[in-house]
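Next come the chains, spelled out residue by residue.
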Amino acid sequence: MENQLIDHLFRHHSGKMISVLTRIFGLSNLEIIEDAIQDTFLKASVKWKTQIPDNPEAWLTQAAKNRVLDIFRKIQVEKKHLPTFKNGIESIAVNELFLDAEIEDAQLRMIFTACHPKLKPEDRITFALKTISGFSTKEIASALLTKETTIRKRVFRARKVILESNIAFKIPQGKSLVERIESVLEVLYLIFNEGFHSNKKDELVRKELCGEAMRLCKSLLKNKHTNSAASYALFALMCFHAARLDAKINTENEVLDLKNQDRNKWSFPLIQLGNVMMNKAVEDEEFSVYHYEAAIIAEHIKAPNFELTNWNKILQWQQCLYQLQPSSSLILSMAIICLQNKNYLKANHYFEQLNPTKLEQRAYLFYSAKADYYTAINNRTEALKHIDIALSKVHNDLEKDYLEKKKKSLLI
């Protein structure tokens, strides 16, 4: 029981502590800070075997504050720079940094640090999951289908770039904020998608990744400098997607596509929240990619059933999105929409524009959709051929089972 509690608190509390202590000691001491937080949780795992404190979070906060002196000794800062917790102005200043509002501010600073454009895209998401969200190296490697050694290298590389580039631990302002927030939103959406479209072999949905992305996005909305129209649109998009999480898998642990999902299992409160966020997002007339993506999902949610989906409207939003951010995945989406509209000529036009290798780990989706195309035009041989290719490229066991069922239906 205590191990589950510590794991839960580490996930949700370590990022807060790391962010606050980084604000006190600076990014140059990030590794030592992470070690200190790790020590605090190890200490908790030992002490709590006999008795769990009444307020575990308060215990951890106090333990983390107590570690401040130890950290200073480790990094050999001169005694005159040593803060004192017992009395004096320094005591008040340091303790104030552990208030809820200041913790949120420190975490927001860490988000902007982790998502700095000087870091490679793959390093940003890794560093964010490790430092802000408290995921272990093993968990990140599993989520991103990458070796643990690769994850460690990415974290090391990110720290090195932060130090060598002298990246400031702050929320940027003015033009810099506009440029940086794009990178932040991109990373948060990547984290969400890793949960919603899990790459783990035996797990389709990883709710903790989705929840973490939503928590971090929500922190942007709480700050008047970062609650942009795009931030609201991304949060709305996450709400619309998250509302459908419980309907993606049935009681037999089988994948259900949109057509076969029980829409009564969709979360109405999350859909309502998404609508509220979307109303805020459109107060500004400048639309982002997240506006259009949210509009597409909203069309699916509006439809009382799959057959009554407004595919023409969705295709319109997809084309608007493509104008802003051309990508192979969008071309594939437009091809699939044309299949739904029974416009097979146009669907094939989109398929011919695609190089499946550019879809990387999602390449199996191209071959699965192409199988649907060949099924629709009564070419079962090509349909089976493309299903087999899709099966050879899919990693997730649940997705593989779904494709196997599709193949069986073609053999009947």
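Every chain is numbered independently, its residues counted from 1 as its sequence is written. Local features in this predicted model are restricted to residues whose pLDDT is 70 or higher, and side-chain atom pairs enter the listing and the counts only when it is 80 or higher, whereas totals over whole chains, interfaces and linings include all residues. Side-chain measures here rest on the full set of heavy atoms in the structure, leaving out hydrogens and waters.

Asks: Would you mind showing me how to read the packing of helix 11 (residues 229-242) against helix 13 (residues 289-302) here?
Replies: The relative placement of two packed helices comes down to the angle between their axes together with the axis-to-axis distance. Only the stretch in contact is used when fitting a helix axis, every axis being a line fitted to C-alpha atoms; angles between N-to-C directions are given from 0 to 180 degrees. Each helix corresponds to a stretch of at least 4 residues labelled H or I by DSSP, and each strand to a stretch of at least 2 residues labelled E; elements are numbered beginning at the N terminus. The interhelical angle for the contact between helix 11 and helix 13, taken along N-to-C directions, is 30°, at an axis separation of 8 Å. Classified by the interaxial angle, the pair formed by helix 11 and helix 13 is roughly parallel. Viewed along their axes, helix 11 and helix 13 form a crossing whose handedness is left-handed. Residues Ala229, Ala230, Ala233, Leu234, Leu237, Phe240 and His241 of helix 11 form the contact with helix 13, whose own contacting residues are Tyr290, His291, Glu293, Ala294, Ile297, Ala298 and Ile301. Under the scheme applied here, ten amino acids are nonpolar (Ala, Val, Leu, Ile, Met, Phe, Trp, Tyr, Cys and Pro), four are charged (Asp, Glu, Lys and Arg), and all others, including Gly, are polar. Per-class residue counts for the contact of helix 11 with helix 13 are eleven nonpolar, two polar and one charged. Should an angle fall under 35 degrees it is taken as roughly parallel, and over 145 as roughly antiparallel, whereas 65 to 115 is taken as roughly perpendicular and any remaining angle as oblique. Rotating anticlockwise by less than a right angle from the far helix to the near helix defines a left-handed crossing, while the corresponding clockwise rotation defines a right-handed one. Throughout, a contact is declared for two residues whenever any of their heavy atoms are within 4.5 Å.

Asks: Would you mind showing me how to read helix 18 (residues 380-393) here?
Replies: Each α-helix winds once per 3.6 residues, and so residues spaced three or four apart point in a common direction. Given a helix with a known number of residues, its expected span is that number minus one, times 1.5 Å. Look at helix 18: 20 Å from first C-alpha to last across 14 residues, which is about the 20 Å you get at 1.5 Å a residue. Within helix 18 the residues assigned to the buried category are Ala383, Leu384, His386, Ile387, Ala390 and Leu391. In an axial view of helix 18, the angular spread of the buried residues amounts to 165°, which keeps them on one side of the axis. Summarising the geometry of helix 18, the exposed residues directed more than 90 degrees from the buried face are Thr381 and Ser392. Contacts from the buried residues of helix 18 go to helix 17 (363-376) and helix 19 (397-411). Throughout this description, buried means an accessible area under 20% of the type-specific maximum (1.4 Å probe, protein chains only), exposed means over 50%, and partly exposed covers the range between. Here the arc refers to the directions that run from the helix axis out to each C-beta atom.

Asks: It is not clear to me how helix 15 (residues 328-340) should be interpreted in this structure. Could you clarify?
Replies: Along its 13 residues, helix 15 runs 19 Å from first to last C-alpha, staying within 8% of the 18 Å computed at 1.5 Å per residue. Next to the buried residues of helix 15 lie helix 14 (311-324), helix 16 (344-352) and helix 17. Among the residues trailing helix 15, lysine 342 stands out with phi positive, at a value near 60°.

Asks: Just to check I follow, could you spell out the packing of helix 17 against helix 19 for this structure?
Replies: Direction vectors running N to C along helix 17 and helix 19 enclose 20°, while the axes themselves pass 12 Å from each other. By the angle between their axes, helix 17 is roughly parallel relative to helix 19. Here the hand of the crossing between helix 17 and helix 19 comes out left-handed. The segment helix 17 lies against helix 19, with Tyr364, Ser368, Asp372 and Thr375 engaging Glu399, Leu403, Lys406 and Leu410. Looking at the contact of helix 17 with helix 19 residue by residue, the classes come out as three nonpolar, two polar and three charged.

Asks: Is there a simple way to explain the pattern of salt bridges in this structure?
Replies: Between side chains of opposite charge, a pair can form as their charged atoms come close. When a carboxyl oxygen of Asp or Glu is within 4 Å of a side-chain nitrogen of Lys or Arg, the pair counts as a salt bridge. The tally for this structure, following the rule as stated, stands at ten salt bridges. One salt bridge connects arginine 23 with aspartate 105, and the closest N-O pair in it is separated by 3.0 Å. Separated by 82 residues along the polypeptide, arginine 23 in helix 1 (residues 2-25) and aspartate 105 in helix 5 (residues 100-114) bring together distant segments of the chain. Under the relative-accessibility criterion, arginine 23 is labelled partly exposed at 26%. Among the ionic pairs, arginine 157 bridges to aspartate 123, the shortest N-O distance being 2.7 Å. Of this pair, arginine 157 sits in helix 8 (residues 148-164) while aspartate 123 sits in helix 6 (residues 121-131), and the two are 34 residues apart along the sequence. Owing to a relative accessible area of 30%, arginine 157 belongs among the partly exposed residues under this scheme. On the basis of relative accessible area, aspartate 123 is assigned to the buried category, the value being 1%. A cluster of three or more residues bridged by salt bridges with shared partners is formed by Arg23, Asp105 and Arg109.

Asks: What's the story with the packing of aromatic side chains in this structure? I'm lost.
Replies: Aromatic ring pairs are defined here through the distance separating the ring centres and the angle between the ring planes. Two aromatic rings from Phe, Tyr or Trp, using only the six-membered ring of Trp, form a pair when their centres are within 6.5 Å; if the ring planes differ by under 30 degrees the pair is stacked, by over 60 it is edge-to-face, and anything between is tilted. Counted under the stated rule, the structure contains ten aromatic pairs. Ring geometry for tryptophan 48 and tryptophan 59: centres 5.3 Å apart, planes at 70°, overall edge-to-face. Highlighted residues: tryptophan 48 in the loop between helix 2 (30-47) and helix 3 (56-74) and tryptophan 59 in helix 3, separated in sequence by eleven residues. Residue class for tryptophan 48 comes out buried when judged on its relative accessible area of 3%. When the ring of phenylalanine 192 is compared with that of phenylalanine 196, the centres are 6.0 Å apart and the planes differ by 20°; the resulting orientation is stacked. In this pair, phenylalanine 192 and phenylalanine 196 are both assigned in helix 9 (residues 174-196), four residues apart and thus about one turn of the helix distant.

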